[in-house]
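# Residue-level structure breakdown
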Amino acid sequence: MPLHLEIVTPEKKVFSDTVANVYLPGADGELGILPAHGALVTALAPGELRYEKDGVVTALAIGNGFAEVTLEKVNILTDMALGDDQIDAAAAEEAIQRAEKQLLSIDHAAEIEEVAHLRLQIAKSLAQLKIKRRHH
Amino acid sequence: MANLRDIRRRIKSVKNTAQITRAMQLVAAAKMKKAQDQAIAGRDYANQLNEVLVNLKANFEEETHTLLQARQGKRELMLVVSTDKGLCGALNTNLFKKVRSESGDETHYVTVGKKLRTILSKLGKEMIADFEVKDPVPFAEARPISRFLTKQFLDGHYDKISIAFNNFVTVMNQEPTIIQLLPLSSETVGEAQEFEGVGFSVVPGAVDPSKDYKFEPSPMEVLDALLPLYINFQVYQTLVESRASEHSARMVAMKAATDNAKKFIKELTLEYNKARQAAITSELLEITTKEPSFRSSALLSMPTSHKPATSLPFSMRWKFVTAPTAWKPLSFWKCNNTSAMAGCALLRCLRPMA
């Protein structure tokens, strides 16, 4: 039974093909999806998504979003999906430093949303770095 | 009759204008293509988002989320998405008409785009914020706007938040549209979108809702995380639609301007040629009518040796200088082949008389 994986961001459809398996960074921890998985909707945390196609495992850094899993397909809905070659490690590190500096300067009690957003930025950048470092 | 030089000057200036409008038309066409592609690219995301929402809807009690609850109050906040630049036809005017007819006196405004911001502030409307959006619209720029609007709603400053924008229907047709952003009405969430343009044309129920979905961490938490995304995406989509509308309206307006200028140049050229021809005709007429005096006074007083048959052009010039009327001999020599030939023919007629 094939498993169809689709990854979309607001800007474009990043990936759409049949794969052997998918590993997702779920909000509660990593999920491994094989064909014929039960119907599931899960929130995603920024992290690493891996899928295997023709024996080759590919990793993508993804942002937060959702995954919808049915028997034969996995739909990923996220605001970021970057492959190894699209990640700029220096820019990611810079983004982390910038966000951390900002985190120190703002009032955490008053700007809960801003804090959450900055933490999210850091998590997304870390996910990028993780992918980059693994492959070099 | 208009002065020849004036007409020539006008033709030149209209040509310049046509060049500019043509350039603007081409630029707008390229940008429109990009904006359209962007709006189409968002469609996959919209479909997926919608699928998840359809599935969720079966699992949560309606009206349980603050963002879904309708309120009694009438305080309204409207996000008006206009353009930064003009020269895009009646786009902003139409949007403004729509805004004015659909919003009450008490409505407060948030603006994107300079054009309607200027108009609304001139009218003394309450403006609480203004955002600038780059071109092409980056997804990240929708976030501060949607976050600001959501915050205004959740803090209880406003009971209803809507967006006024130009919906891109076709290249020739942009429709000013007002949609309600907040509270998200539970009827429209997860249903077909009202955008008919390139952006949304979502068919609901692509997924069988009877499927027993499991939600992780929990339906409520998924909803909590999903609704802000949904709002964010709607704001993004309206921005993209507006951009596509702006560029297509500008392209159409500039095409009309270029065509007009070309027509105008044609008319002016015709007028110019007519005026030039008339000037030549009157010059020739004057030559013929002045012939008797020419013969009696000037030419006859010249020594015979200065009157070879081939010297007629010289003698003509000489005659112009001495003629009492305001002649411009140079213009005679500058005229084109046809009139020069006509002039020569006339001169040949004059020769025997001289």
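For the structure, check the block above.
Just so it is clear, the model here is predicted, and its values are computed rather than measured. Here the residue index of a chain counts from 1 through its sequence in written order. Think of it this way: whatever chain is written first is A, whatever ligand is written first is 1, and the rest follow in order. With the structure being a predicted model, the display of local features is reserved for residues of pLDDT at least 70 and the display and counting of side-chain atom pairs for 80 or more, all residues being used for whole-chain, interface and lining totals. Only hydrogens and water are set aside when side-chain values are computed; all heavy atoms of the structure are taken into account.

## Overview of helix 1 (residues 89-105) of chain A
All names here are of chain A. A helix here means a DSSP run of H or I that spans at least four residues, while a strand means a run of E at least two residues long, and both kinds are numbered starting from the N terminus. A helix's residues, less one, multiplied by 1.5 Å, set its expected span. Counted at 1.5 Å a residue, the expected span for helix 1 with its 17 residues is 24 Å, and the 25 Å between its end C-alpha atoms agrees. When we look at burial in helix 1, the residues that qualify are Ala 92, Ile 96, Ala 99 and Leu 103. Here the buried residues of helix 1 occupy an arc of 70 degrees about the axis, which is enough to place them on one side. Away from its buried face by more than 90 degrees, helix 1 exposes Ala 90, Gln 97, Arg 98, Lys 101, Leu 104 and Ser 105. Should any heavy atoms of two residues lie within 4.5 Å, those residues are considered in contact. Check the buried side of helix 1 and you find it contacts helix 2 (112-134). Think of a polar contact as two N or O atoms within 3.5 Å of one another; within protein, one of them needs to be a possible hydrogen donor and the other a possible acceptor, and neighboring residues in sequence only count if both atoms come from side chains. Where helix 1 starts, the residue carrying a side-chain oxygen 3.2 Å from the main-chain nitrogen of Ala 90 turns out to be Asp 88. Partly exposed describes any residue whose relative accessible area lies between the buried limit of under 20% and the exposed limit of over 50%, with all areas from a 1.4 Å probe on protein chains only and scaled to the type maximum. Throughout, the arc means that of the directions going from the helix axis to the C-beta atoms.

## Overview of the packing of helix 2 (residues 91-102) of chain B against helix 3 (residues 114-122) of chain B
Residue and element names in this part refer to chain B. Here an angle of 0 to 180 degrees is reported between the N-to-C directions of two axes, which are lines fitted to C-alpha atoms, with helices fitted over the stretch in contact. Two elements in contact, helix 2 and helix 3, have axes separated by 10 Å at closest approach and are oriented at 45 degrees. As judged from the angle between their axes, helix 2 and helix 3 are oblique. Crossing of helix 2 against helix 3: the hand is right-handed. Taking contact as the criterion, the partners of Asn 92, Leu 95 and Phe 96 in helix 2 are, on helix 3, Lys 115, Leu 116, Ile 119 and Leu 120. Residues are grouped as follows: nonpolar covers Ala, Val, Leu, Ile, Met, Phe, Trp, Tyr, Cys and Pro; charged covers Asp, Glu, Lys and Arg; every other residue, Gly included, is treated as polar. Residues of the contact of helix 2 with helix 3, tallied by class, amount to five nonpolar, one polar and one charged. Should an angle lie under 35 degrees it is considered roughly parallel, over 145 roughly antiparallel, and from 65 to 115 roughly perpendicular; all remaining angles are considered oblique. A clockwise turn of the near helix away from the far one marks a right-handed crossing, whereas an anticlockwise turn of less than a right angle marks a left-handed crossing.

## Regarding the pairing of strand 4 (residues 160-168) of chain B
Residue and element names in this part refer to chain B. Most of strand 4 is tucked away: eight of the nine residues are buried. Strands are treated as partners if at least two bridges between them are detected by DSSP. Of the pairings in the sheet, the one linking strand 1 (residues 76-81) to strand 4 comprises five bridges and is parallel in character. Bridged to Met 78 within strand 4 is Ser 162.

## Regarding the packing of aromatic side chains
All names here are of chain B. Each aromatic pair joins two rings of Phe, Tyr and Trp (for Trp, the six-membered one) with centres within 6.5 Å, and gets the label stacked for planes under 30 degrees apart, edge-to-face for over 60, and tilted for any other angle. Counting across every chain of the model gives seven aromatic pairs over all chains. Centroid distance Phe 131 to Phe 148: 5.7 Å. Interplanar angle 70 degrees. Geometry classified as edge-to-face. Of the two residues, Phe 131 is situated in strand 3 (residues 127-131) and Phe 148 in helix 4 (residues 142-154); the sequence distance between them amounts to 17 residues. Consider the rings of Phe 139 and Tyr 236, whose centres lie 4.8 Å apart with planes at 75 degrees: the pair is edge-to-face. Here Tyr 236 lies in helix 5 (residues 219-301) and Phe 139 lies in the loop between strand 3 and helix 4, a separation of 97 residues in the sequence. Since its relative accessible area comes to 10%, Phe 139 is described here as buried. Pairwise contacts between aromatic rings join Tyr 45, Phe 139, Phe 233 and Tyr 236 into one cluster.

## Observations concerning the pattern of salt bridges
Residue and element names in this part refer to chain B. Any Lys or Arg side-chain nitrogen located within 4 Å of an Asp or Glu carboxyl oxygen qualifies as a salt bridge. As enumerated under the stated definition, the model contains 23 salt bridges over all chains in all. When the shortest N-O distance is used, the salt bridge between Asp 6 and Arg 9 registers 3.9 Å. Of the two residues, Asp 6 and Arg 9 both sit in helix 1 (residues 4-57), three residues apart, roughly one turn of that helix. With its nearest N and O atoms 3.2 Å apart, the salt bridge here joins Glu 246 to Arg 250.

## Quick word on unusual backbone geometry
Residue and element names in this part refer to chain B. The omega angle of the peptide bond from Asp 135 to Pro 136 is -5 degrees, so this bond is cis rather than trans. With respect to the helices and strands, the residue Pro 136 is situated in the loop between strand 3 and helix 4. In this structure, the amide linkage connecting Leu 182 to the following residue, Pro 183, adopts the cis form with an omega of -5 degrees. With respect to the element layout, Pro 183 can be found in the loop between strand 5 (174-182) and strand 6 (214-216). If you check the backbone angles, Leu 87 has positive phi at about 55 degrees while not being a glycine. The residue Leu 87 is located in the loop between strand 1 and helix 2 in this model.

## Quick notes on the interface of chain B and chain A
Facing the 27 residues of chain B at the interface are 27 residues of chain A. When chain B packs against chain A, close to 2,400 Å² is buried across both sides, 59% of that on carbon and sulfur atoms. What counts as buried area is the accessible surface, traced by a 1.4 Å probe, that two parts surrender upon association, with contributions from both included. Considering only the surface of chain B that becomes buried against chain A, B:Tyr45, B:Gln48 and B:Glu216 emerge as the three largest contributors, covering 26% of it. Our count for the contact surface shared by chain B and chain A stands at zero salt bridges. Applying the counting rule to chain B against chain A returns six residue pairs in polar contact (both at pLDDT 80 or more). Contributions of two or more residues to the side of chain B that touches chain A are made by helix 1, helix 4, strand 6 and helix 5 of chain B. Per-element accounting of the side of chain B that touches chain A gives the leading share, nine residues, to helix 1 of chain B. Of the pairings in the sheet, the one linking strand 5 (residues 40-44) of chain A to strand 6 of chain B comprises three bridges and is parallel in character. Considered in strand 6 of chain B, the bridge of A:Thr42 is made with B:Glu216.

## As for the sheet that holds strand 1 of chain B
Strand pairing in a sheet takes place through backbone hydrogen bonds and is either antiparallel or parallel in direction. All names here are of chain B. Strand order in the open sheet formed by five strands is 3-2-1-4-5, with mixed pairing between adjacent strands. This sheet does not close on itself; its edge strands, each paired only once, are strand 3 and strand 5. The mean angle between the axes of side-by-side strands here comes to 20 degrees, regardless of whether they run parallel or antiparallel. As judged from the eight bridges shared by strand 4 and strand 5, these two strands associate in the antiparallel manner. Bridging across to strand 5, Asn 166 finds its partner in Pro 176. The sheet contacts of helix 2 involve strand 1, strand 2 (108-112), strand 4 and strand 5, and relative to strand 5 the element is tilted by about 45 degrees. Seen against the sheet, helix 4 touches strand 1, strand 2, strand 3, strand 4 and strand 5 and runs at an angle of roughly 160 degrees to strand 3.

## Quick notes on the pairing of strand 4 (residues 29-33) of chain A
Residue and element names in this part refer to chain A. Two strands pair when backbone bridges link them, and strand 3 (residues 21-26) and strand 4 are joined in this way by five bridges, in the antiparallel orientation. Across the sheet, residue Tyr 23 finds its bridge partner in strand 4, namely Gly 32. From the end of strand 3 to the start of strand 4, which pair antiparallel, there are two residues.

## Structural notes on the packing of helix 1 of chain A against helix 2 of chain A
Residues and elements named next belong to chain A. Two numbers describe how helix 1 lies on helix 2: the axes approach to 9 Å, and their chain directions differ by 155 degrees. Regarding the angle of helix 1 to helix 2, the classification is roughly antiparallel. In terms of crossing hand, the pair formed by helix 1 and helix 2 is left-handed. Contacts from Ala 89, Ala 92, Glu 93, Ala 95, Ile 96, Ala 99, Glu 100, Gln 102 and Leu 103 of helix 1 reach helix 2 at Val 115, Leu 118, Arg 119, Ile 122, Ser 125, Leu 126, Gln 128, Leu 129, Lys 132 and Arg 133.

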